[in-house]
Amino acid sequence: MYINVKKKWQPILDGAMIVIGCFIMGFAFSVFFEPNHLSTGGFSGIAMMLNSLLHKIGVKFINSSIIYLVMNLILYLIAVKFLGKRFAITALLGIGAFSGAMQIFALIPSFADFDLIISAIFGGVLLGFGVGLVVRFGGSTGGSDMIACIVRKKHPKVHVGRIVVGIDVFVVAMTLVVYNNGAELLPYTIIALAINSFMVDYVIDGYKQAKAYTIITSKPKEVSREIQDTLYRSCTMSSVKGLYDNEEKTCLVCLIGKYQVSSLKQIISTVDPKAFVYSVPVHEIIGAWRTDSQIREMHHKKTSDENGGAESGFLKLKTRKKKGAMQEEVLAVEPVEEVVVVEPIVEVEAQEVVNEEKKTSSAAKKKTATAKKEAGVSKKTATTSSKKSTAKKQEEKK
């Protein structure tokens, strides 16, 4: 999820997306999690439990949003010297926006009572989407993030992920003590947090999930050509040498979509059954990348071209014109009727006119040369005749 804007507008865009993400989180917390006592982990989960304990002793004028804000501001003042300038600003923005969103949605009367499973699923999806959006644009909502930041500065060898997970596990475990039906709520809490974790990864890593295949082959040209012609994917090629057999081979690295895996395996088994292949998952791709829908569109255009269709001809002409541009943009032009190839035609017509003018000019020059030559011959003939006439007159006088 990258939005290209001018550099001066990037901080404004980041701030806006962080606020939007925090409001989505606030909605999920106040509508799905807190009414059903489903823990979100972290500081928001602690704030929810403290709010419940305060209500039990009759303190009802303090809600979760205020507790969350106070806890985070205290931690922020401790951690601010460890934070970078940008992170300090975005963390403060995230803390304020999330606390405000929790307060706003808590004041709105509940329009429905959701079952635990519904709250776990929808709450997990929305909370994960909001958190992913905040993190994707460089923000933070404080809490365990800042604790991890402080610990990392003091003890660099400590794994940050373990700190965050440890805090979440502790908070979820405390729900068994704070709530009377904590044991009944635990499975739904785990479901919600699992969905939340999946959504966070999905939003941060992006939807362009693919696989990177490494192919060690002795037939690199044949394999790469078949991959290009069939899957419309390119490869990175490098020379390698096996330690066991001391044989020179070629390593091809190819990124493909998840729907092309079986086709790639078939290509390799057909072209070079002895190739050594392994793959790793790729969760994020930055740069030119053809989606599965664009691959299908390209295959359709190729088939139409082979059947005599005119649409692929237009696409090829457009591709030749934009050879230096990103191939991703060229091949994503749809529908075909919108591809207007005006400039090449104008250039061709202009070139024809120039060629015609050159031909006309050349012909005119030839005519002029011929006329000059004929004039020279006539002049020479006249001179010869004049000389002959003069010689004849002189003979007559004699």
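Residues numbered from 1 in each chain as written. Predicted model: local features only at pLDDT ≥ 70, side-chain atom pairs only at ≥ 80, totals over all residues. Heavy atoms only, no water.

## Side note on the nonpolar core
Here comes step 1: Counting 45 residues, the largest nonpolar core has F33, Y76 and M146 as the members making the most contacts within it.
Here comes step 2: The set of elements that each furnish at least two residues to this core consists of α1 (10–33), α2 (42–56), α3 (64–79), α4 (85–107), α5 (116–136), α6 (144–154), α7 (160–178) and α8 (182–205).
Here comes step 3: Sort the elements by how many residues they give to this core and α1 lands first, with eleven residues.
Here comes step 4: If near-sequence neighbours (up to four positions away) are discounted, M146 is found in contact with N72, L75, Y76, A79, L83 and I95.
Here comes step 5: Core analysis: the next-biggest nonpolar cluster, separate from the first, contains 15 residues, L231, I256, V261 and I267 among them. (Core = buried A, V, L, I, M, F, W, Y, C linked by side-chain atoms within 4.5 Å. Buried < 20%, exposed > 50% of the residue type's maximum accessible area, 1.4 Å probe, protein only. Helix = DSSP H or I, 4+ residues; strand = E, 2+ residues; numbered from the N terminus. Contact = heavy atoms within 4.5 Å.)

## Some thoughts on the environment of V172
Here comes step 1: Of note, V172 is situated in helix α7.
Here comes step 2: In this structure the C-alpha to C-alpha distance between V172 and L38, which are 134 residues apart in sequence, comes to 8.8 Å.
Here comes step 3: For V172, the residues in contact, after removing those within four places along its chain, are S39, L186, T189 and L193.

## Some words on the confidence of the model for the chain
Close reading of the predicted structure is inappropriate where its pLDDT is low.
Here comes step 1: Residue-level pLDDT values for the chain average 77, and 68% of them are 70 or greater.
Here comes step 2: Within the chain, helix α13 (residues 327–331) has the poorest average pLDDT of any element, 38, and α1 the best, 92.
Here comes step 3: Scored below 50 in pLDDT, residues 310–350 makes 39 contacts in the model with residues more than four places away or belonging to other chains. (pLDDT = per-residue confidence, 0-100.)

## Thoughts on helix α9 (residues 220–231)
Here comes step 1: When the terminal C-alpha atoms of α9 are compared, their 16 Å separation across twelve residues agrees well with the 16 Å that a helix rising 1.5 Å per residue should span.
Here comes step 2: Every buried residue of α9 is accounted for by P220, V223, S224, I227 and L231. Taken end-on, α9 shows its buried residues confined to a sector of 95 degrees, consistent with a single buried face.
Here comes step 3: Directly after α9, the chain includes Y232, whose backbone phi takes a positive value near 60 degrees. (Expected span 1.5 Å × (residues − 1). Arc of directions from axis to C-beta.)

## Some words on the pairing of strand β1 (residues 210–217)
Here comes step 1: Counting buried positions along β1 yields seven of eight residues, so the element is predominantly enclosed.
Here comes step 2: Inspection of the sheet shows β1 paired to strand β3 (residues 248–257) by eight bridges, in the antiparallel sense. Note that in β3 the partner of T214 across the bridge is V253.
Here comes step 3: Looking at chain direction, β1 and strand β4 (residues 276–282) are connected through seven bridges and run antiparallel. Bridging across to β4, I215 finds its partner in V277. (Pairing = 2+ DSSP bridges.)

## Focus: a nonpolar patch on the surface
Here comes step 1: A cluster of nonpolar side chains, I117, I118, I121, F122, V125 and I191, forms an exposed patch at the surface whose accessible area comes to about 430 Å².
Here comes step 2: Ranked by residues supplied to the nonpolar patch, first place goes to α5 with five residues.
Here comes step 3: Note that I118 resides in helix α5.
Here comes step 4: For I118, a relative accessible area of 32% puts it in the partly exposed group. (Patch = residues over 30% accessible without salt bridge, like charges linked within 9 Å, V, L, I, M, F, W, Y side chains within 5 Å. Areas by Shrake-Rupley, 256 points an atom, 1.4 Å probe, with all protein chains shown as cover. Salt bridge = Lys/Arg side-chain N within 4 Å of Asp/Glu carboxyl O.)

## Some points on the side chain of T90
Here comes step 1: Looking at where T90 falls in the secondary structure, it is placed in helix α4.
Here comes step 2: At a separation of 3.3 Å, a polar atom in the side chain of T90 contacts the main-chain carbonyl oxygen of G138.
Here comes step 3: Setting aside its immediate chain neighbours within four residues, T90 contacts I18, G138, G139 and S140. (Polar contact = N/O pair within 3.5 Å; in protein donor to acceptor, adjacent residues only side chain to side chain.)

## Here's the deal with the packing of α3 against α4
Geometry of a packed helix pair, given as the angle between the helix axes and the separation of the axes.
Here comes step 1: At a closest axis distance of 8 Å, the pairing of α3 and α4 adopts a crossing angle of 165 degrees. Classified by the angle between their axes, α3 and α4 sit roughly antiparallel to one another. Between α3 and α4 the crossing geometry is left-handed. Across the interface between the two elements, S64, S65, Y68, L69, N72, L73 and Y76 of α3 pack against A88, I89, A91, L92, I95, F98, S99, M102 and Q103 of α4.
Here comes step 2: Looking at the contact of α3 with α4 residue by residue, the classes come out as eleven nonpolar, five polar and no charged. (Axes fitted to C-alpha atoms, helices over the stretch in contact; angles between N-to-C directions. Parallel < 35°, antiparallel > 145°, perpendicular 65-115°, else oblique. Left-handed = near helix turned anticlockwise from the far one by under 90°. Nonpolar A, V, L, I, M, F, W, Y, C, P; charged D, E, K, R; others polar.)

## Here we look at the sheet that holds β3
Here comes step 1: Ordered by their spatial adjacency, four strands build an open sheet running β2-β3-β1-β4, and the pairing between neighbours is antiparallel. Lying at the two open borders of the sheet, with one neighbouring strand each, are β2 (236–241) and β4. Here the average twist between neighbouring strands, direction ignored, is 25 degrees.
Here comes step 2: Examined bridge by bridge, β2 and β3 share six bridges and lie antiparallel to one another. Bridge pairing in β3 links S238 to C251.
Here comes step 3: Running over the sheet, α9 touches β1, β2 and β3 and is turned about 10 degrees from β3.
Here comes step 4: Packed on one face of the sheet, helix α10 (residues 261–271) meets β1, β3 and β4 and runs near 5 degrees to β1.

## Things to note about the state of the cysteines
Here comes step 1: On inspection of all chains with the given rule, the structure shows zero disulfides.
Here comes step 2: Of all cysteine sulfurs, the one in C254 lies closest to C235, which takes part in no disulfide; the gap is 4.1 Å.
Here comes step 3: C254 sits in the buried class, given a relative accessible area of 0%. (Disulfide = S-S within 2.5 Å.)

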